[in-house]
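For reference, the chains in residue letters:
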Amino acid sequence: MSTDTKSAKQQELPGYVPWPEEFVRRYREVGYWAGQTFGSMLRELAERYADRVAVVDGERRWTYSELDERADRLAAGLHRIGIRAQDRVVLQLPNVAEFFEVCFALWRVGALPVFALPAHRSSEITYFCSFTEAVAYIVPGHHAGFDYRALGYEAQGAAPSLRHVLVVGDDPGSFTSIDDLRDAPRPLADPAPSDVAFLQLSGGSTGVPKLIPRTHDDYLYSVRASAKICGLDPSSVYLAALPVAHNFPLSSPGVLGTLYAGGTVVLAPDPSPATALALIERERVTITALVPPLALLWLDSAARLEHDLSSLEVLQVGGSKLSEEVARRVRPTLGCGLQQVFGMAEGLVNYTRLHDPDDIILATQGRPISPDDEVRVVDDEDQDVPAGEVGHLLTRGPYTIRGYYRAEEHNRSAFTRDGFYRTGDLVRVTPEGYLVVTGRDKDQINRGGEKIAAEEIENHLLAHPAVHDAAVVAVPDAYLGERSCAVVVPRGEAPSAPALKKFLRERGLAAYKVPDLVKFVDAFAQTGVGKVSRKQLRESLAASLRP
Ligand code: OOB
């Protein structure tokens with residue numbers, strides 16, 4: 001048929017840290033790593049579930065066969081314009097059907113999507129494009145009142161590697177529409193299952209966001225196992241209310257788990273109760289996933305909106321800590337079960353199981369997916385704490401990365417020498433083996449599930465001429481759990497808080513990262529002798545801001 005070879009030789013991506021050989025052997029032997037790629041998975045699904053509906057987006061309904069064919073055609077077009085195996089492609093799409101067409105097309109080519117979120121702006125996007133040396137950037141034309149093509153121009157200016165800006169939708173401006181890339185299918189060499197399939201974003205705690213390389217083998221294991229734990233089958237209907245590029249709605253079990261099970265993915269354009277509850281009724285949705293603030297909003301609106309939610313079996317909540325008080329309201333108000341999900345894009349995902357007793361479901365964040373997920377709870381010296389006590393969570397396993405992408409130095413502190421990932425979470429383990437998240441020791445603000453790295457925002461603040469020093473800390477918030485507060489030592493006359501926020505927005509920072517509060521102080525308190533670490537500073541400032 002074509003000149004392309006069908007070889008699936010593993011390709012070593014520079015900057016990727018593989019699992020040691022003995023772990024690779026074990027994960028394969030036990031069958032966690034099943035030797036499948038996303039491209040071949042979709043092919044099998046299309047054979048098995050041909051005419052069943054895979055994706056619903058508004059009035060559009062794509063069957064498994066149609067999705068498979070679209071992926072083939074677009075893969076051919078992407079190949080025609082020179083996109084090849086291992087190329088990085090920054091993907092910033094909202095919840096639209098084309099998200100799947102593009103992902104599977106890239107996977108068929110062997111290219112790596114870099115999963116940006118719709119909320120990201122030029123600061124994040126130009127960094128992703130230049131750091132990954134992306135060859136293409138894929139955007140919606142307009143979405144939610146924002147023109148993403150403007151970001152396309154900025155990305156082109158910042159990243160010399162970028163050869164294409166591709167637009168989903170009928171208004172590409174001077175860029176290429178993906179409508180013009182749907183060629184006749186051509187055979188392409190499938191990547192090796194052990195190859196990196198994509199890069200996810202870390203919530204981060206450092207100056208620049210870290211990128212997470214996930215392989216077909218490891219991610220598909222987490223997808224398959226998650227689908228099983230959550231009881232998905234061809235009758236399942238999953239509502240994607242959260243942005244699908246995030247690890248939780250993508251794979252826990254999310255949209256990929258639903259497709260793997262032969263179910264139907266329903267895409268919500270936004271997660272508001274008005275939109276989402278109407279879709280639950282219309283499409284007879286059986287399972288969906290939310291962050292705690294949205295769960296609270298749905299609970300408060302459900303009675304008033306009077307939708308028929310009788311199809312809904314499970315509401316998953318994760319991304320930040322769900323209070324027991326809110327957890328208790330789920331079944332009486334929505335008439336469905338609750339599943340707590342404590343996961344991370346780096347790997348480890350914990351679920352309460354569907355038939356667990358109430359006290360476990362209401363008060364724990366679940367237990368790991370895999371019997372081979374190794375969990376350690378340690379003190380500051382990396383020594384195991386006594387059973388049941390709080391400590392730092394370390395983890396290693398068949399779908400937890402061994403290193404961030406191209407981050408050799410950071411990896412030395414983010415992982416132990418024997419390969420455990422330092423999650424930055426403080427947890428205790430119950431006698432039944434369930435994790436309870438009690439806090440965090442990383443310099444991050446968890447704003448209702450959206451993660452903000454303190455240092456990243458501080459660096460932006462320090463770029464303002466009237467800012468002498470700055471620290472960004474979390475303050476408690478009844479609705480979001482936490483909000484961000486910038487504590488600023490001005491140089492000369494202090495700028496106004498609105499002016500400082502405007503400055504950050506103009507630097508192209510995603511809106512959720514702009515501090516909710518700004519406080520000015522004369523100086524940061526210096527305790528003890530010598531230099532105060534930023535970590536201590538953040539801790540003492542956060543403590544002083546607590547009510
Ligand atoms: C999910 O992934 P990320 O990468 O955005 O954030 C991971 C961090 C965790 O380390 C933890 O600090 C926090 O988010 N977190 C939770 C939590 N779920 C996540 N903290 C308390 N309770 C929970 N239930 O957020 C993510 C990825 C996959 C599935 C679910 C969530």
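All figures in this text were calculated on a predicted structure; none of them were measured in a lab.

**Brief notes about the packing of helix α11 (residues 292-305) against helix α12 (residues 324-334)**
Two packed helices can be described by the angle between their axes and the distance between those axes. The N-to-C vectors of α11 and α12 enclose an angle of 35 degrees; their axes lie 10 Å apart at closest approach. At the point where α11 passes α12, the crossing takes the left-handed sense. Here Leu-296, Trp-298, Leu-299, Asp-300 and Ala-302 of α11 come into contact with α12, specifically with Val-326, Arg-329, Val-330, Thr-333 and Leu-334. Split into classes, the residues belonging to the contact of α11 with α12 amount to seven nonpolar, one polar and two charged.

**Structural notes on the site of the ligand**
Around the ligand, a shell composed of 19 residues is seen, among which His-246, Val-341, Asp-425, Lys-442 and Lys-451 lie nearest. At 3.5 Å from a nitrogen atom of the ligand is found a main-chain nitrogen or oxygen belonging to Lys-321. Within the backbone of Val-341, a nitrogen or oxygen atom sits 2.8 Å from a nitrogen atom of the ligand. Bound to the protein, the ligand loses 96% of the 590 Å² it would expose on its own. Among the elements of the structure, α8 (247-251) and β16 (337-344) are those that each provide at least two residues to the shell around the ligand. With four residues, the single largest contributor to the shell around the ligand is β16.

**So, the packing of helix α15 (residues 454-462) against helix α16 (residues 497-506)**
The contact between α15 and α16 brings their axes to 10 Å, and the two run at 105 degrees. Here α15 is positioned roughly perpendicular relative to α16, judged by the angle of their axes. The segment α15 lies against α16, with Ile-457, His-460 and Leu-461 engaging Leu-500, Phe-503 and Leu-504. When its residues are assigned to classes, the contact of α15 with α16 shows five nonpolar, one polar and no charged.

**Side note on helix α6 (residues 148-158)**
Every buried residue belonging to α6 is among Tyr-148, Arg-149, Leu-151, Gly-152 and Ala-155, and all of these are buried. End-on view of α6: buried residues confined to an arc of 145 degrees, all on one side of the axis. Lining the buried residues of α6 we find α5 (122-131), β5 (136-140), β6 (142-143), β7 (146-147) and β8 (164-168).

**Things to note about unusual backbone geometry**
The bulk of non-glycine residues show a negative phi, and the bulk of peptide bonds are trans. For the bond from Ser-252 to Pro-253, the omega torsion is -15 degrees, close enough to zero to count as cis. Within the fold, Pro-253 resides in the loop between α8 and α9 (254-260). One non-glycine residue with positive phi stands out, namely Glu-306, at about 50 degrees. Relative to the helices and strands, Glu-306 resides in the loop between α11 and β15 (314-318).

**Some thoughts on the sheet that holds strand β27 (residues 517-520)**
A sheet is described by the order of its strands in space; here three strands give the open sequence β25-β26-β27, paired in mixed fashion. The sheet terminates laterally at β25 (467-477) and β27, the two strands that pair on one side only. Sheet twist, expressed as the mean angle between neighbouring strand axes with direction ignored, is 25 degrees. Strand direction decides the pairing type here: strand β26 (residues 481-490) and β27, joined by four bridges, are parallel. Among the inter-strand pairings, Val-488 is bridged to a residue of β27, identified as Phe-520. Lying on the sheet, α16 is in contact with β25, β26 and β27; it crosses β27 at an angle near 125 degrees. Contacting β25, β26 and β27, helix α17 (residues 534-545) runs over the sheet at an angle of about 50 degrees to β25.

**What to know about the pattern of salt bridges**
Scanning all chains against the criterion turns up 36 salt bridges. With a shortest N-O distance of 2.7 Å, Asp-516 and Arg-447 are connected by a salt bridge. Here Asp-516, found in the loop between α16 and β27, pairs with Arg-447, found in strand β23 (residues 444-447); they are 69 residues apart in sequence, far enough to count as distant. With its nearest N and O atoms 3.0 Å apart, the salt bridge here joins Asp-477 to Arg-483.

Reading the values: rules and limits
- Residues numbered from 1 in each chain as written.
- Predicted model: local features only at pLDDT ≥ 70, side-chain atom pairs only at ≥ 80, totals over all residues.
- Heavy atoms only, no water.
- Axes fitted to C-alpha atoms, helices over the stretch in contact; angles between N-to-C directions.
- Helix = DSSP H or I, 4+ residues; strand = E, 2+ residues; numbered from the N terminus.
- Left-handed = near helix turned anticlockwise from the far one by under 90°.
- Contact = heavy atoms within 4.5 Å.
- Nonpolar A, V, L, I, M, F, W, Y, C, P; charged D, E, K, R; others polar.
- Near = heavy atom within 4 Å.
- Polar contact = N/O pair within 3.5 Å; in protein donor to acceptor, adjacent residues only side chain to side chain.
- Areas by Shrake-Rupley, 256 points an atom, 1.4 Å probe, with all protein chains shown as cover.
- Parallel < 35°, antiparallel > 145°, perpendicular 65-115°, else oblique.
- Buried < 20%, exposed > 50% of the residue type's maximum accessible area, 1.4 Å probe, protein only.
- Arc of directions from axis to C-beta.
- Pairing = 2+ DSSP bridges.
- Salt bridge = Lys/Arg side-chain N within 4 Å of Asp/Glu carboxyl O.

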